[in-house]
Amino acid sequence: MLEDTEWLSDLAFFTDLLCHMNNLNAKMQGKNQFIDDIWAHPKAFNLKLNLLAGQLAKNDLSHFSRLNSIPSVNEDKLKNYEDGLKKLHFEFERRFQDFSAIQTELAIFTMPFNVNCEAVRSDLQLELSCNLTIISSSRF
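Given the structure is predicted, the values throughout are model-derived calculations rather than measurements. (Residues numbered from 1 in each chain as written. Predicted model: local features only at pLDDT ≥ 70, side-chain atom pairs only at ≥ 80, totals over all residues. Heavy atoms only, no water.)

1. Looking at the pattern of salt bridges
So, point 1. Taken as a whole, this structure holds eight salt bridges when the rule is applied.
So, point 2. D10 is the salt-bridge partner of K77, the closest N and O atoms lying 2.8 Å from each other. Of this pair, K77 sits in helix α4 (residues 75–95) while D10 sits in helix α1 (residues 5–28), placing them 67 residues apart in sequence.
So, point 3. By relative accessible area, K77 is classed as buried at 13%.
So, point 4. Salt-bridge contacts for D16 lead to R66; the nearest nitrogen and oxygen are separated by 2.9 Å. (Salt bridge = Lys/Arg side-chain N within 4 Å of Asp/Glu carboxyl O. Helix = DSSP H or I, 4+ residues; strand = E, 2+ residues; numbered from the N terminus. Buried < 20%, exposed > 50% of the residue type's maximum accessible area, 1.4 Å probe, protein only.)

2. A look at a nonpolar patch on the surface
So, point 1. A surface patch of nonpolar side chains, amounting to about 470 Å² of accessible area, comprises M1, L2, W7 and L11.
So, point 2. Tracing the backbone through its elements, the reader meets L11 in helix α1.
So, point 3. Judged by relative accessible area, which is 42%, L11 ranks as partly exposed. (Patch = residues over 30% accessible without salt bridge, like charges linked within 9 Å, V, L, I, M, F, W, Y side chains within 5 Å. Areas by Shrake-Rupley, 256 points an atom, 1.4 Å probe, with all protein chains shown as cover.)

3. Brief notes about unusual backbone geometry
So, point 1. Unlike most non-glycine residues, N32 shows phi in positive territory, near 55°.
So, point 2. Along the chain, N32 turns up in the loop between α1 and α2 (35–57).
So, point 3. Judged by its relative accessible area of 80%, N32 is exposed.
So, point 4. Its identity is not glycine, yet N59 carries a phi of approximately 60°, on the positive side.
So, point 5. The residue N59 is located in the loop between α2 and α3 (65–68) in this model.
So, point 6. Residue classification places N59 among the partly exposed positions, given a relative accessible area of 39%.

4. Observations regarding the nonpolar core
So, point 1. With 19 residues, the main nonpolar core has F13, L49, L56, F64, L67, L78 and L85 as its most contacted residues.
So, point 2. Taken together, the elements giving at least two residues each to this core come down to α1, α2 and α4. (Core = buried A, V, L, I, M, F, W, Y, C linked by side-chain atoms within 4.5 Å.)

5. Let's talk about the packing of α1 against α4
For any two helices packed against each other, one specifies the inter-axial angle together with the distance between the axes.
So, point 1. Axis separation between α1 and α4 bottoms out at 11 Å; the angle between their running directions is 25°. Relative to α4, the element α1 lies roughly parallel. Crossing handedness for the pair α1 and α4: right-handed. Note on element contacts: α4 touches α1 through K77, Y81, L85, L88 and F92, opposite E6, S9, D10, F13, L17, M21 and L24.
So, point 2. Of the residues in the contact of α1 with α4, the class split is eight nonpolar, one polar and three charged. (Axes fitted to C-alpha atoms, helices over the stretch in contact; angles between N-to-C directions. Parallel < 35°, antiparallel > 145°, perpendicular 65-115°, else oblique. Left-handed = near helix turned anticlockwise from the far one by under 90°. Contact = heavy atoms within 4.5 Å. Nonpolar A, V, L, I, M, F, W, Y, C, P; charged D, E, K, R; others polar.)

6. Remarks on the packing of α1 against α2
So, point 1. Taken N-terminus to C-terminus, the directions of α1 and α2 make an angle of 160°; their axes are 9 Å apart at the nearest point. One way to sum up the angle between α1 and α2 is to call them roughly antiparallel. Regarding α1 and α2, the two cross each other, and that crossing is right-handed. Contacts between α1 and α2 involve F13, L17, H20, M21, L24, K27 and M28 from the first element and I38, H41, P42, F45, K48, L49, L52 and L56 from the second.
So, point 2. Its residues assigned to classes, the contact of α1 with α2 shows eleven nonpolar, two polar and two charged.

So this is what it looks like as structure tokens:
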């Protein structure tokens, strides 16, 4: 098997991908994180998956160090890897769709001054606008 470049390229690709996913896993397990911080990690990883798929489409293996060490990777293999990353991107969107649905509410914690009070749930609007008024008037 170690002489089969097809098998080696598969192994290298999955090793590189699992390394990227392990980094995501470690970031999400960090202590003292608010929910918006935790949500930022898979959201950023999903963007990273698009970037990686685009790079594979251009035969750019700069973020796949192990795959890049394989002397000649088949073009069809790279297309399969690109398709796999696109499927993984779709799966991340599907699995984290609940967070996407409440992204406006999460924005209250990350950027309260940038939140449109009318865009949040009605039971939070008055509280948000009063707190923003108090905070902004105390600055002057």
